[in-house]
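An overview of the molecular structure
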Amino acid sequence: MKKYKFLDLKYVNESFEEELKEAACNVISSGRYILGENVTLLEKDIAEICQTRYAIAVSNGLDALRLILRAYIEMGEFKEGDEVIVAANTYVATVLAISDNNLIPVFAEPSPETMNLDLHNIEQYITDRTCAVMPVHLYGSTCWDETLLKLPGLYNLKVIEDNAQAIGACSHVPGLFNTHATGGLGHAGALSFYPTKNLGSLGDAGAVVTNDGKLAETVYALRNYGSDYRYHNVYRGWNCRMDEIQAAILRVKIPYLQKENIRRNKLARIYNEKILNTSIKKPIVSEHQASQVWHQYVIRSPYRDRLRKYLSENGVETDVSYPTPPHLQPCYKTYKNKKLPITQSICNEVVSLPISSLTTENDAVEISEIINRFKY
Ligand SMILES: *Cc1c(COP(=O)(O)O)cnc(C)c1O
């Protein structure tokens, strides 16, 4: 029986193997391993992709989020105990960044359509302690509209994008800008280059992007022991630097990112057209989305577990992002009685189909046909 793998990182990186080896070897023989020219050049590339003035390369996506929140605390914009509104169906890292800074996560229900933060119903979560809203561009699908442009002025809050899954995506907001890359839409954005992401490193890596010079300066210092110049510490900072090797690896892969995103769009279009089983809900995207990068292609079924078993028996590997929402994790047990029915039903119903560089257009047609034969 033919197998349809969900993801194979060895395969993903094989096509860049020669270039990756050369890039790594150049770092090895350069003698410069931390905060060298690869990091600086990568920061230029990332700022260009996200259409921001600044990009700061950091250790991983969680640290990128932690650094943004901590920087706003150091700048006096946020204080401990302030509230951050976040989509309840996000990956746990978004919430960890909030609680790690002694800020309070306020779990907001996503839209049952787009599965992203429901921006039409967001104002109900705002209190006089709200310091930020954190939209997550989940699965590579943009979470943005004019509400997020209006809220900061109305309520004195920051909009911080978790762009870990959506590098290269664009949003459209009528009357304001034609299209703009995610990450650079709000006050600050966090990126992850975890190996499974659309732009994946060969280890941990991430970035902070912003147009705010003061924020950038604070994050630069915080990622490097809180030091503004050598042996001078303005903050009790962290070590959240990105390695030169990871930066060099990412610089090899950046020129291929757009092609990869276009390929994913083709596969998504095939799934959208070919999946006709009426028990399956296909992805619905925001009307403001200009382009999506399909980090995941996520369908929903009330018979999710039976569907996964059936797909597995037919050679199709799938994944679930995420089976348990953060507020039901043991580490957040104080929130366990919160009623978040939309979040809960999304977590019970989602299945991710193969859409990596391993999946061919023909695979997507065949997987769709297998799904169409599913009887619950
Ligand atoms: C991957 C991811 C993160 C964390 O990134 P790491 O680099 O793994 O720390 C945060 N938020 C979301 C939505 C993610 O998908």
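Presented here is a report on the structure given in the accompanying data block. Quick caveat, the model's predicted, so the values are computed rather than measured. (Residues numbered from 1 in each chain as written. Predicted model: local features only at pLDDT ≥ 70, side-chain atom pairs only at ≥ 80, totals over all residues. Heavy atoms only, no water.)

**Some words on the overall build of the chain**
- Secondary structure assignment for the chain yields 12 helices and 14 strands.
- The C-alpha radius of gyration computed for the chain amounts to 21 Å, which stays within 12% of the reference 21 Å derived for 376 residues, consistent with globular compactness.
- Over its C-alpha atoms, taken along the principal directions, the chain stretches across nearly 65 × 55 × 45 Å.
- Evaluated residue by residue, the chain yields a buried proportion of 57% over its 376 residues. (Helix = DSSP H or I, 4+ residues; strand = E, 2+ residues; numbered from the N terminus. Rg over C-alpha atoms; globule rule 2.2 N^0.38 Å. Buried < 20%, exposed > 50% of the residue type's maximum accessible area, 1.4 Å probe, protein only.)

**Structural notes on the sheet that holds strand β12 (residues 289-291)**
- Strands sit in the order β7-β6-β12 across an open sheet of 3 strands; the sheet is antiparallel. A strand with exactly one partner marks an edge of an open sheet, and here the two such strands are β7 (177-181) and β12. Each adjacent strand pair in this sheet contributes to an overall mean axis angle of 30°, direction not counted.
- Both strand β6 (residues 170-173) and β12 contribute to a ladder of 2 bridges, which runs antiparallel. Bridge pairing in β12 links S171 to Q289. (Pairing = 2+ DSSP bridges. Axes fitted to C-alpha atoms, helices over the stretch in contact; angles between N-to-C directions.)

**Some remarks on the environment of N337**
- With respect to the secondary-structure elements, N337 resides in the loop between α10 (304-313) and α11 (341-349).
- The spacing of N337 and R53 is 284 residues in sequence and 42 Å in space, taken between C-alpha atoms.

**Some remarks on empty space enclosed by the protein**
- According to the stated counting rule, one finds 1 cavity of 30 Å³ or more in the structure shown.
- Roughly 70 Å³ of internal volume is contained in the largest cavity.
- Lining the largest cavity are 13 residues, with T114, M115, Y139, S141 and P283 sitting closest to its centre.
- For the lining of the largest cavity, a count of residues per class yields 8 nonpolar, 4 polar and 1 charged. (1 Å grid on protein atoms, 1.4 Å probe; cavity = no way out; pocket = protein on both sides within 12 Å on 5 of 7 lines; lining within 4 Å. Points joined across faces, edges and corners; volume = space filled by probe spheres on them. Nonpolar A, V, L, I, M, F, W, Y, C, P; charged D, E, K, R; others polar.)

**A closer look at the site of the ligand**
- Within the structure, the ligand sits among 14 residues, and G61, D162, Q165, S192 and K197 are positioned closest to it.
- Taking L62, its main chain carries an N or O atom lying 2.9 Å from an oxygen atom of the ligand.
- Between the ligand and the protein, one listed contact pairs an oxygen atom with a side-chain N or O atom of K197 at 3.0 Å.
- In the complex, the protein chains occlude 91% of the 380 Å² of accessible area that the ligand would expose alone.
- Put simply, the parts of the chain that give the shell around the ligand at least two residues each are α4 (61-74) and α5 (92-100).
- Per-class residue counts for the shell around the ligand are 7 nonpolar, 5 polar and 2 charged. (Near = heavy atom within 4 Å. Polar contact = N/O pair within 3.5 Å; in protein donor to acceptor, adjacent residues only side chain to side chain. Areas by Shrake-Rupley, 256 points an atom, 1.4 Å probe, with all protein chains shown as cover.)

**Overview of unusual backbone geometry**
- The step from S321 to Y322 runs through a cis peptide bond, and the omega angle for that step is 5°.
- Positionally, Y322 belongs in the loop between α10 and α11.
- The phi dihedral of L35 falls on the positive side, at around 45°, and the residue is not glycine.
- Positionally, L35 belongs in the loop between α2 (17-30) and α3 (37-50).

**Overview of the environment of N265**
- By secondary structure assignment, the location of N265 is in helix α9 (residues 257-274).
- When the C-alpha positions of N265 and S291 are compared, they lie 8.9 Å apart, and in sequence the two are 26 residues distant.
- Apart from residues lying up to four places away in sequence, N265 is in contact with Q292 and W294.
- One polar contact links the side chain of N265 to the main-chain carbonyl oxygen of N261, over a distance of 2.9 Å. (Contact = heavy atoms within 4.5 Å.)

**Quick word on the nonpolar core**
- L67, L69, F78, L103, M134, I160 and V208 are the most contacted members of the largest nonpolar core, which totals 38 residues.
- Sorting the residues of this core by element identifies β1 (54-58), α4, β2 (83-87), α5, β4 (130-134), β8 (188-192) and α7 (213-222) as the ones contributing at least two each.
- In contact with V208, other than residues within four places in its own chain, are Y54, A55, I56, V58, A64, L67, I68, G189 and V219.
- Ranked by size, the runner-up nonpolar core spans 22 residues in total, among them W294, I299, L307 and A364. (Core = buried A, V, L, I, M, F, W, Y, C linked by side-chain atoms within 4.5 Å.)

**Brief notes about the layout of surface pockets**
- Looking at the largest pocket, its volume works out to about 660 Å³.
- In terms of lining, the largest pocket is formed by 36 residues, of which the most central are Y91, Y194, T196, K197 and Y322.
- Those elements that place two or more of their residues in the lining of the largest pocket are α4, α5 and β8.
- Here the lining of the largest pocket takes 4 residues from α5, the largest share from any one element.
- Among the residues making up the lining of the largest pocket, the classes are represented as 19 nonpolar, 12 polar and 5 charged.
- Reported here for the second largest pocket is a volume of approximately 400 Å³.
- As for the second largest pocket, its lining consists of 21 residues, of which V12, S15, F16, E260 and S357 are closest to the centre.
- At the level of elements, α1 (9-14) and α9 are the ones that each hand at least two residues to the lining of the second largest pocket.
- Considered class by class, the residues forming the lining of the second largest pocket number 9 nonpolar, 6 polar and 6 charged.

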